[in-house]
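# A closer look at the structure
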Amino acid sequence: MIVAADTAALMEKIDVMPRPLCLVPTMGALHEGHLALIHEARRVVGTTGTVAVSIFVNPIQFDRKEDLDKYPRPLSADLAACEAAGADLVFTPESGQMYHADHSITVSENRLSSFLCGASRPGHFSGVCTVVMKLFMLFRAQSAVFGKKDFQQLAIIKRMVRDLNVPIEIIGHATIREADGLAMSSRNVRLSPEQRADAPIIRRSLTAARDLLSLGERQAESILAAARHHLEKSQMLKIDYLSLVDAETLEPVATIRRPAILATACFYDTVRLIDHVELLP
Ligand code: PAF
């Protein structure tokens, strides 16, 4: 496995890496969810192609300094995990490597970003689009894999690729969960043992509300009320948002007639967790 710690080292290697190349962009603190993305990348490129992973805690996508400062950065464990998962190339730049002190170009998506996480994290998706576009340019990858847990991120990246004619295939991979249903996230390690024990309530609340759909309920208001009722049983979490949106436009819906998404973001103190379920009428 080749490790490139800066853009110059990456540029030296990237032209000689066998193609096709599939990129797995990450911010490190790798868990089984990331490893599933790396395995998916291997499936996509086969044994002769290149699986590349980037590990970069992208400062411009953090809306809260504390979240950036506390984001876990276990680099040597991450490199060992990449190696064990069969990655061929890992890029681990420092922030100064990725952004010039006077950088002044960003990529912004202006419609899908106005809902859900975009509404509560100003500038977040512009930071994501900018770094992902830079990574696509640096790697000149044929494809890239992203987790479906961040479904809004995935939708926005697909939109960016479509609208800017970026020659890359975007692949979404199913959310990987802990045995108790909690979606895997690098932020889970920041939960206290009590919060960690409480956190599966997020998934349970969403699936309980989804069950109403199979009983014939189509009104978003009722489904949202059921999910909120469940979430409020927790004494520890604070709901950031709970929304029911169209699966394609991400706009709030009143009556479910097309595929929709019930999505939430919840805080345990300063740790923000997200999850969602698909609602198929
Ligand atoms: O999903 C993430 O970990 C990040 O948002 C990404 C796509 C690596 C960009 O920094």
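Sequence order sets the numbering: in each chain, residues are counted from 1 along the sequence as written. The predicted origin of the model limits local features to residues at a pLDDT of at least 70 and limits the giving and counting of side-chain atom pairs to 80 or more, whereas totals for whole chains, interfaces and linings rest on all residues. Remark: hydrogens and water are excluded; side-chain values derive from all non-hydrogen atoms of the structure.

## What about the packing of helix α7 (residues 124-139) against helix α8 (residues 151-163)?
Simply put, an axis is a line fit to the C-alpha atoms, just over the touching stretch for a helix, and the angle between two N-to-C directions goes from 0 to 180 degrees. Numbered from the N terminus, helices here are DSSP runs of H or I no shorter than four residues, and strands are runs of E no shorter than two. Between α7 and α8, whose axes approach to 10 Å, the crossing angle comes to 55°. As judged from the angle between their axes, α7 and α8 are oblique. Taken as a pair, α7 and α8 cross one another with a handedness that is right-handed. Contacts between α7 and α8 pair Phe-125, Val-128, Cys-129, Val-132, Met-133 and Phe-136 from the former with Gln-152, Gln-153, Ile-156, Ile-157, Met-160 and Val-161 from the latter. Each residue receives one of three labels: charged for Asp, Glu, Lys and Arg, nonpolar for Ala, Val, Leu, Ile, Met, Phe, Trp, Tyr, Cys and Pro, and polar for the others, Gly being one of them. Here the residues of the contact of α7 with α8 sort into ten nonpolar, two polar and no charged. In what follows, roughly perpendicular refers to angles from 65 to 115 degrees, roughly parallel to angles under 35, roughly antiparallel to angles over 145, and oblique to any angle outside these ranges. Crossing handedness: left-handed means the near helix sits turned counterclockwise from the far one by under a right angle, and right-handed means the same turn made clockwise. We call two residues contacting when some pair of their heavy atoms lies within 4.5 Å.

## Comments concerning the sheet that holds strand β9 (residues 271-279)
Strand pairing follows a simple DSSP-based rule, namely that at least 2 bridges must link the two strands. The strand order across the open sheet formed by three strands is β7-β8-β9, and the pairing between neighbours is antiparallel. Of all strands in the sheet, those bounded by a partner on one side alone are β7 (238-246) and β9. Sheet twist, expressed as the mean angle between neighbouring strand axes with direction ignored, is 15°. Inspection of the sheet shows β7 paired to strand β8 (residues 260-268) by eight bridges, in the antiparallel sense. Counterpart to Leu-242 in the pairing with β8 is Thr-264. Contacts between helix α10 (residues 201-214) and the sheet are confined to β7, β8 and β9, with β9 contributing the most and set at about 20° to the helix.

## A word on the pattern of salt bridges
Think of a salt bridge as a Lys or Arg side-chain nitrogen and an Asp or Glu carboxyl oxygen that are within 4 Å of each other. Overall, the coordinates contain 15 salt bridges when judged by the stated rule. With its nearest N and O atoms 2.9 Å apart, the salt bridge here joins Arg-42 to Asp-88. In this pair, Arg-42 is assigned in helix α2 (residues 32-45) and Asp-88 in the loop between α4 (75-85) and β4 (89-91), connecting sequence segments 46 residues apart. Residue Asp-88 is classed as partly exposed on the basis of its relative accessible area of 23%. Note that Lys-65 is salt-bridged to Asp-69, the shortest N-O span being 2.6 Å. Placement of both Lys-65 and Asp-69 in helix α3 (residues 65-70) is noted, with a separation of four residues, approximately one turn of the helix. Exposure classes here rest on a 1.4 Å probe applied to the protein chains alone. A residue is buried below 20% of its type maximum, exposed above 50%, and partly exposed in between. For Lys-65, a relative accessible area of 61% corresponds to the exposed category.

## As for the site of the ligand
Around the ligand, the surrounding shell consists of Pro-25, Thr-26, Met-27, Asn-58, Gln-61, Val-128, Val-131, Phe-146 and Gln-153. Within the side chain of Gln-61, one N or O atom sits 2.6 Å away from an oxygen atom of the ligand. Side-chain atoms alone can form a polar contact between residues adjacent in sequence; in general such a contact is a pair of N or O atoms within 3.5 Å, and within protein one must be able to donate a hydrogen while the other accepts it. Separating an oxygen atom of the ligand from a side-chain N or O atom of Gln-153 is a distance of 2.7 Å. For the ligand, whose free accessible area comes to 290 Å², the fraction covered by protein is 88%. Where the shell around the ligand is concerned, the elements lending two or more residues are β2 (21-26) and α7. Its residues placed into classes, the shell around the ligand shows five nonpolar, four polar and no charged. Here a residue is considered near a molecule or strand provided that any single heavy atom belonging to it is located within 4 Å of it. The method behind every accessible area is Shrake-Rupley, applied with a 1.4 Å probe, and residues are considered shielded solely by the protein chains displayed.

## Thoughts on the pairing of β2
In terms of burial, β2 is a largely internal element, six of the six residues being buried. Neither face of β2 is open: one carries Leu-21, Leu-23 and Pro-25, the other Cys-22, Val-24 and Thr-26, and all of them are buried. Of the strand pairs in this sheet, β2 and strand β3 (residues 50-55) are connected by six bridges, and their pairing is parallel. Counterpart to Pro-25 in the pairing with β3 is Ser-54. Here the term right-handed applies to a crossover when the path leading from its first strand over the helix to its second strand runs clockwise, the strands being oriented away from the viewer. Note on the crossover from β2 through α2 to β3: the handedness is right-handed. Pairing of β2 with strand β5 (residues 143-147) involves two bridges; the strand directions are parallel.

## Some details on the packing of aromatic side chains
Any pair of aromatic rings gets described here by the distance separating the centres and the angle formed by the planes. Stacked, tilted and edge-to-face are the three classes assigned to paired rings of Phe, Tyr and Trp, where Trp is represented by its six-membered ring and a pair needs centres within 6.5 Å; plane angles under 30 degrees give stacked, over 60 edge-to-face, the rest tilted. A full pass over the atoms with the stated rule returns four aromatic pairs. Ring geometry for Phe-56 against Tyr-99: centres 6.2 Å apart, planes inclined by 40°, an arrangement best described as tilted. Of the two residues, Phe-56 sits in the loop between β3 and α3 while Tyr-99 sits in the loop between α5 (95-98) and α6 (116-120), which places them 43 residues apart along the sequence. With centroids separated by 5.8 Å and ring planes inclined at 75°, the aromatic side chains of Phe-91 and Phe-139 adopt a geometry described as edge-to-face. On the criterion of sequence distance, the pair formed by Phe-91 in strand β4 and Phe-139 in helix α7 is long-range, its members being 48 residues apart. The residues Phe-91 and Phe-139 share a single accessibility class, namely buried.

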